[in-house]
Every structure is written in C-alpha cells, then in structure tokens.
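Close look at the chain arrangement
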Amino acid sequence: MMKKETLFLLLTIFCASVFSQAEITEDELKDHLLFLTSEVNGGRYPGGKGNKLVVKYIESEFKKMGVHPIKKKYKQTFKAALRVEKGIEKKPVVKTCNVIGFVEGNDPILKSEYIVLGAHYDHLGLGGPSSKSDKKNAIHYGADDNASGTAALLEIAEKIVSQQQQLKRSILFIAFGAEEQGLLGSKYFVENPLVPISQIKLMINMDMVGRLNDQKQVYMGGAGTFPDGVNFMSELGKSLGLNPVVHAGSVGGSDHVSFYKKNRSVLGMHTGAHPQYHTPEDTIDLINIKGEKQVCEYIYKTIMKLATTTYEMTFIKQD
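Residues numbered from 1 in each chain as written. Predicted model: local features only at pLDDT ≥ 70, side-chain atom pairs only at ≥ 80, totals over all residues. Heavy atoms only, no water.

1. A short note on the packing of aromatic side chains
Tallied over the entire structure, the rule returns 10 aromatic pairs. Between Phe226 and Tyr311, the aromatic rings sit 6.3 Å apart at their centres with planes inclined by 65 degrees, giving edge-to-face as the arrangement. Remark: Tyr311 occurs in the segment after α8 (289-307) and Phe226 occurs in the loop between β6 (217-221) and α6 (229-239); sequence separation between them is 85 residues. Judged by its relative accessible area of 1%, Phe226 falls in the buried class. (Phe/Tyr/Trp six-rings, centres within 6.5 Å; stacked < 30°, edge-to-face > 60°. Helix = DSSP H or I, 4+ residues; strand = E, 2+ residues; numbered from the N terminus. Buried < 20%, exposed > 50% of the residue type's maximum accessible area, 1.4 Å probe, protein only.)

And the structure:
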C-alpha cells in the first residue's frame, strides 16, 4: 500500500505539472468570445438577465482557475444610472457589479503593491442612446467592445495564476460593469477600493483588443505615467513581433481614466477603431483571434516583467 507521504508528493508533482501547462490559447479565447456574444446574453446590458449570466460566468472562471475573491466574494455591487435618449430626464437605475479577484505576490514587502488588469464586460444590449446604428431593438453583440477584453482578461489571469510562484507584487483582476454608461464600474471601484488605492501601482485596461490589423499595431495611452514606460512598452512589443503605437499621455476613453484621476499609473490598450463600433455588426466573425492571442501575450509579459521584479513604479502625471 502506498504511503501517505509518497501519495501526497505524487499529487503535488501532478498538480504542479498541470498548472505549469496553463497557456493562452486561441481555442479558449474563442470559447469565451462565443459565450459572451451569444444571443442568450442579449448584448450584456447592465441589470439585464444576460448581464447577470456573464457575471456568473466570470465568477465561475475565476474560481476554476484559482483567482481568489476579496473578503470571500467576487462581486462588488453598485447602482448604475443608465443613459437615456435626449429629452428624457429621468434615468432608470439598476443594480450591477464589478467582478474582482486577485493573486497574491510572494515578496514580503512588494506583495502589498498591486497591478490591476481590467476590462469591461458590459455592452449596449439592444442599442440605446450610445448606438451608432439605425437599427432599432437589434442585439449589439459587442464582440470587440468588449468581449475581446473580457476574454483576454480570463486567459491572461489563468496564465498568471499558473506562474504565481514568480510574483513579487500582487495582481488584481477586475471585470468592470456599466462602462458604457459612463465608466460607472471603475468610478465606483476607485471611490470604494477593496485595497488601498495608494497601493495600486499600475492599472492596465483592455478595451477592444480583438482586431489586430495587418501592420500588427497595438495602441496604448498612458505609457508615460510610470518610469521609462514608453521605451519599456515599445521595446517589449517589438521583441514580440508587434508594432506598438505608444503614447506617453493620451489617457482617455475607458476605465483606466478613473484610475488616472486618482493619480495612478495607467495603460489603456486597444487595437484600433472600426466601422462596426457600437453597432450590431460588431460580431465574432470579425475578431482576429490569432492576433488577440498575440496581444494577450504582450500584456501577460508586461505584467510579469513588472510584477516579478523590483521595477520602480511611481506615478508621473501627463499633460
């Protein structure tokens, strides 16, 4: 009969082997995208049934991969006042949430510092005042905006968890709610942070990362908000065969803005605008899944280089 000590050792080796194999894959990115853009989720409108199904999905994925809840729960619930057409004064208010998890670093000092990786999971539902389409009551699937960022969040998180033993700094993973209603989820988080806001050293936001073009251009704003950030992001991107378009400032447009307003360093990552933005035609068939995998690897390596070293992380304000 096998001794308990031997059995425990074999199980430990087996588990380590399984977790060490976690990779960002095109198949898993596609699976996430298929679910997020499915008819049943109806465009992921805040407060709706589809939005709630997506929250459950993200929670389940976090739990499965070993991303831990903060204070025993993944959901940070808040009320969102929804945008309305011009001329309508009263805004409907719904309950929605951010979905938040973390992995802890191993350095006794640096583990109290956090890098945030975020993406908003909501979209426009059947259109509404933010739609760019003439079609009424048509599902706005939001494949690029922002199922692509949510899928990337889950895949990058899974790979980081598998390499947790290398981390010095801790990582927060946040799927924001109600971004399309005015960055409401990220605004709520920075006003009600689950870790001290001063301990957040960088927020990386992924909003529309699924349409990498033939020139392999990855756009980002805010790289000048941390030391040598422009050079760091340029050189790393080029080493991975990408063509990074790096701005020191140009902080605007998505959830990283909320963090920048609190004097936190930020990177807003995307692969560019397109005619399908905020229309029902933003569908999964237009996603460059192979390209999104490349973008995910770029962001993963960015986080690992900053979280596994003593790289200086201080805030630099940009004009």
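2. Here's the deal with the environment of Tyr74
Inspection of the secondary structure puts Tyr74 in the loop between α3 (49-65) and β1 (75-81). Here Tyr74 falls in the buried class, since its relative accessible area comes to 9%. In the structure, Tyr74 is positioned 235 residues away from Thr309 in sequence and 28 Å away in space, judged by C-alpha atoms. With residues near it in sequence (within four places) discarded, Tyr74 still touches Glu59, Phe62, Lys63, Val67, His68, Pro69, Asn98, Val99, Ile100 and Gly101. Polar side-chain contacts of Tyr74 include one of 2.8 Å to the backbone oxygen of Val67. (Contact = heavy atoms within 4.5 Å. Polar contact = N/O pair within 3.5 Å; in protein donor to acceptor, adjacent residues only side chain to side chain.)

3. A word on the confidence of the model for the protein chain
Close inspection of predicted coordinates is inappropriate in any region flagged by low pLDDT. Overall, the prediction assigns the protein chain a mean pLDDT of 94, with 93% of residues at 70 or greater. Contacts from residues 16-20, a stretch scored under 50 in pLDDT, to residues over four places away or in other chains number two contacts. (pLDDT = per-residue confidence, 0-100.)

4. Some details on the sheet that holds strand β5 (residues 200-206)
Judged by pairing direction, the sheet is mixed, and its eight strands sit side by side in the order β1-β2-β4-β3-β5-β8-β6-β7 without closing on themselves. Lying at the two open borders of the sheet, with one neighbouring strand each, are β1 and β7 (243-246). The average angle at which neighbouring strand axes cross in this sheet is 25 degrees, direction not considered. Pairing of β5 with strand β8 (residues 266-270), which is carried by four bridges, proceeds in the parallel orientation. Looking across to β8, one finds that Asn205 is bridged to Gly268. Seen against the sheet, helix α5 (residues 184-191) touches β1, β2 (93-103), β4 (170-176) and β5 and runs at an angle of roughly 120 degrees to β1. (Pairing = 2+ DSSP bridges. Axes fitted to C-alpha atoms, helices over the stretch in contact; angles between N-to-C directions.)

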